[in-house]
Amino acid sequence: MTMSHRHMLYDMPVSNNGARCRIIIYKKNIENEIKIESPMVLGGLKAPSYLALNPQGKMPLLVKNVNEESVALPESDTICRYLLEEYREQGPSFLPTNSKSNLISRLHDTYLGPLQGALYKAVPPFSMFGTREAAQREFSKQMQIIDDLIENDRNGPYLLGSEVSLADATLFPTMIFAQFMLPKFGVAEGEALPPKIQSWYQNVMKEDPVFGKVHEEVLSALQGWDSNGRWDSIRGAGVRDLEPQTIFDKIIAGDIPASIVHDDGDVLAFKDINPAAPAHLLVIPKHRNGLSKIRDASPEHIEILGKMMLVAGNLAKDTNLGFGDGARLVINDSKDGGQEVPHLHIHVLGGRQMLWPPG
């Protein structure tokens, strides 16, 4: 590092959190003050030398005053607010005390950002959600909540009108993620972003060269991920359930009648039409999502498998359904296991003494 650089920002182009810092650096024209380096110069995010600076092992990370007594400053919002104060006389202010800007930034960091892993990480959990579908639904819901805060007539390219704010820097990089990634999961290209966010996103990228520059930085990195097969093995994107529908799908749709004893939106249970015991239920996932058989299970299915077992256990206690002191839960798998319907299901049998070994 040359002596002219006061600070070091450890960041990479693919980081949407780091990109908000870069927007501020570029807009304030303080690149001569802050050198941007990849964490790989220290061995990567999990290297001891990096963890000594940021025990969370995440980026971005700003090391202040590298030529003096340095201070490590992690977390993008904290870094941004430091830069806005330290360089308040240079470039736009980014409206650091504007309540709407701060609200949008806060909503992003609290409710939207933590869910973004559902767009590109291999397996759950994604924040508090155990399934990718639920996390992506919540991600879209949180985008809409922010969209509702945006005025239709803003008289400028930015979220608050003619002056750029911290909200613009915070939200824009994550919308690059959403615009690029959601269509991989079947969302129409023109519907990935809510309407007012979509209009703002396109306008600010076109009218502000810094936002255009950051867009190219992040997008180029995401395209690199794509060319390396990032989404090829992710269920819902590169991996989809293409197996034919079964009789269970028709029961779920209501096209075939069934004696349903449980329906919670995720799990359906109904009486077997050819019972092998006085009480004989079938418990199935309402959305097969690749679970044709138990051997198809992956970490993506942990939550639904747990829900199915919980439903089965609760139903097996219901004496009104014919169960007594216990039950047998059976999952048949493929041909050798005697599976007849390629849609995972648990047989819950009871009402009589079970024998061992089974047939």
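Above this note sits the structure.
Here we summarise the structure given alongside this text. Treat the numbers as computed from the prediction; the structure is a model and nothing was measured.

1. With respect to the nonpolar core
Core analysis: the largest hydrophobic core is formed by 67 residues, its most contacted members being L83, F172, M175 and W200. Of all the secondary structure elements, the ones that give two or more residues to this core are α1 (16-27), α3 (76-86), α4 (99-112), α5 (132-147), α6 (166-181), α7 (195-207) and α8 (209-227). Discounting residues that sit within four places of it in the chain, M175 has contacts with L112, M143, L193, I197, W200 and Y201. Among the nonpolar cores identified, the runner-up in size contains 17 residues, and L291, I304, L321 and I346 belong to it.

2. Digging into the packing of aromatic side chains
To describe a pair of aromatic rings, one takes the distance between the centres and the angle between the planes. Under the defined criterion, the tally for this structure stands at 10 aromatic pairs. When the centroid spacing of 6.1 Å and the interplanar angle of 90° are considered together, the rings of F172 and W200 count as edge-to-face. With a gap of 28 residues between them, F172 in helix α6 and W200 in helix α7 connect regions that are remote in the sequence. As far as burial versus exposure is concerned, F172 and W200 are alike and both buried. Seen from their ring centres, F172 and F211 are 5.1 Å apart, and the 85° between their planes marks the pair as edge-to-face.

3. Brief notes about α6
One full turn of an α-helix is made of 3.6 residues, so residues set three or four places apart face in the same direction. Over its 16 residues, α6 runs 24 Å from end to end, which matches the ideal 22 Å to within 8%, given 1.5 Å per residue. With respect to burial, α6 is a largely interior element, 16 of its 16 residues being buried.

4. A look at the layout of surface pockets
One number sums up the size of the largest pocket: a volume of about 910 Å³. The wall of the largest pocket is formed by 31 residues, among which N17, K58, M59, Q116 and Y120 lie closest to the centre. Contributing elements (two or more residues each) for the lining of the largest pocket: α1, α3 and α4. Residues belonging to the lining of the largest pocket are distributed by class as follows: 12 nonpolar, 12 polar and seven charged. Each pocket or cavity is described by its volume, and for the second largest pocket that value is around 430 Å³. Surrounding the second largest pocket, 21 residues form its lining, F248, D272, I273, L282 and V341 being those nearest its centre. Contributing elements (two or more residues each) for the lining of the second largest pocket: α9 (247-253), β6 (267-271) and β7 (279-285). Ranked by residue count, the leading element in the lining of the second largest pocket is α9, at three residues. When grouped by side-chain class, the residues that make up the lining of the second largest pocket number 10 nonpolar, eight polar and three charged.

5. Details of the pairing of strand β2 (residues 34-37)
Side-chain direction in a regular strand flips from residue to residue, so the side chains alternate between the two faces of the sheet. As paired elements, strand β1 (residues 7-10) and β2 share four bridges and run parallel to each other. Looking at β2, one finds that H7 is bridged to I34. Handedness of the β-α-β unit built from β1, α1 and β2 comes out right-handed.

Here is what the cut-offs are and how they apply
Residues numbered from 1 in each chain as written. Predicted model: local features only at pLDDT ≥ 70, side-chain atom pairs only at ≥ 80, totals over all residues. Heavy atoms only, no water. Core = buried A, V, L, I, M, F, W, Y, C linked by side-chain atoms within 4.5 Å. Buried < 20%, exposed > 50% of the residue type's maximum accessible area, 1.4 Å probe, protein only. Helix = DSSP H or I, 4+ residues; strand = E, 2+ residues; numbered from the N terminus. Contact = heavy atoms within 4.5 Å. Phe/Tyr/Trp six-rings, centres within 6.5 Å; stacked < 30°, edge-to-face > 60°. Expected span 1.5 Å × (residues − 1). 1 Å grid on protein atoms, 1.4 Å probe; cavity = no way out; pocket = protein on both sides within 12 Å on 5 of 7 lines; lining within 4 Å. Points joined across faces, edges and corners; volume = space filled by probe spheres on them. Nonpolar A, V, L, I, M, F, W, Y, C, P; charged D, E, K, R; others polar. Pairing = 2+ DSSP bridges. Right-handed = clockwise from strand over helix to strand, strands pointing away.

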